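Structural overview
As a plain string of letters, each chain reads:
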Amino acid sequence: MREIYMQLAGFAQTWGLVYFFVAFLCVCAYAYWPTKKKSFDEASQIPLKED
């Protein structure tokens, strides 16, 4: 039973790292995508607008 747990834990650690790394790259690509710049600039000005 312990052997199965160790194999499962190793699988989860390896592929979990890959999953989160790919997710991180997707978030970075979304944040730095050139067509998103205008909407991010508009959103950054929201706290400075007066009611």
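Refer to the structure printed above.
Below is a summary of the structure that appears in this document.

Parameters at a glance
Residues numbered from 1 in each chain as written. Predicted model: local features only at pLDDT ≥ 70, side-chain atom pairs only at ≥ 80, totals over all residues. Heavy atoms only, no water. Helix = DSSP H or I, 4+ residues; strand = E, 2+ residues; numbered from the N terminus. Areas by Shrake-Rupley, 256 points an atom, 1.4 Å probe, with all protein chains shown as cover. Lys, Arg positive; Asp, Glu negative; His and termini not counted. Charge placed at Lys NZ, Arg CZ, Asp CG, Glu CD. Phe/Tyr/Trp six-rings, centres within 6.5 Å; stacked < 30°, edge-to-face > 60°. Salt bridge = Lys/Arg side-chain N within 4 Å of Asp/Glu carboxyl O. Buried < 20%, exposed > 50% of the residue type's maximum accessible area, 1.4 Å probe, protein only. Patch = residues over 30% accessible without salt bridge, like charges linked within 9 Å, V, L, I, M, F, W, Y side chains within 5 Å.

**Quick notes on the overall build of the protein chain**
Counting secondary structure elements, the protein chain contains 2 helices and 0 strands. Its C-alpha atoms give the protein chain principal-axis dimensions of roughly 65 × 25 × 5 Å. Working note: accessible area of the protein chain is about 5,300 Å², and carbon and sulfur atoms make up 70% of it. Distance between charge centres in the protein chain, computed from 5 positive and 5 negative side chains, equals 7 Å.

**Some thoughts on the packing of aromatic side chains**
Scanning the entire structure with this criterion turns up 3 aromatic pairs. Between phenylalanine 11 and tryptophan 15 the ring centres are 6.5 Å apart and the planes differ by 50°, which places this aromatic pair in the tilted class. With a gap of 4 residues between them, phenylalanine 11 and tryptophan 15 both fall in helix α1 (residues 2–32), about one helical turn apart. Summarising the aromatic geometry, the rings of tyrosine 19 and phenylalanine 20 are spaced 5.2 Å apart at their centres and angled 70° between planes, so their arrangement reads as edge-to-face.

**A word on the pattern of salt bridges**
Per the counting criterion, the structure on display carries 1 salt bridge. The partner of lysine 37 in a salt bridge is aspartate 41, and the shortest N-O contact between them spans 3.2 Å. Within this pair, lysine 37 and its partner aspartate 41 are both found in helix α2 (residues 37–44), separated by 4 residues, close to a single helical turn. We classify lysine 37 as exposed; its relative accessible area is 52%.

**Regarding a nonpolar patch on the surface**
A cluster of nonpolar side chains, Leu8, Phe11, Trp15, Val18, Phe21, Val22, Phe24 and Leu25, forms an exposed patch at the surface whose accessible area comes to about 830 Å². In this structure, phenylalanine 24 sits in helix α1.

Take it as geometry only, folks, not as evidence of what the structure does.
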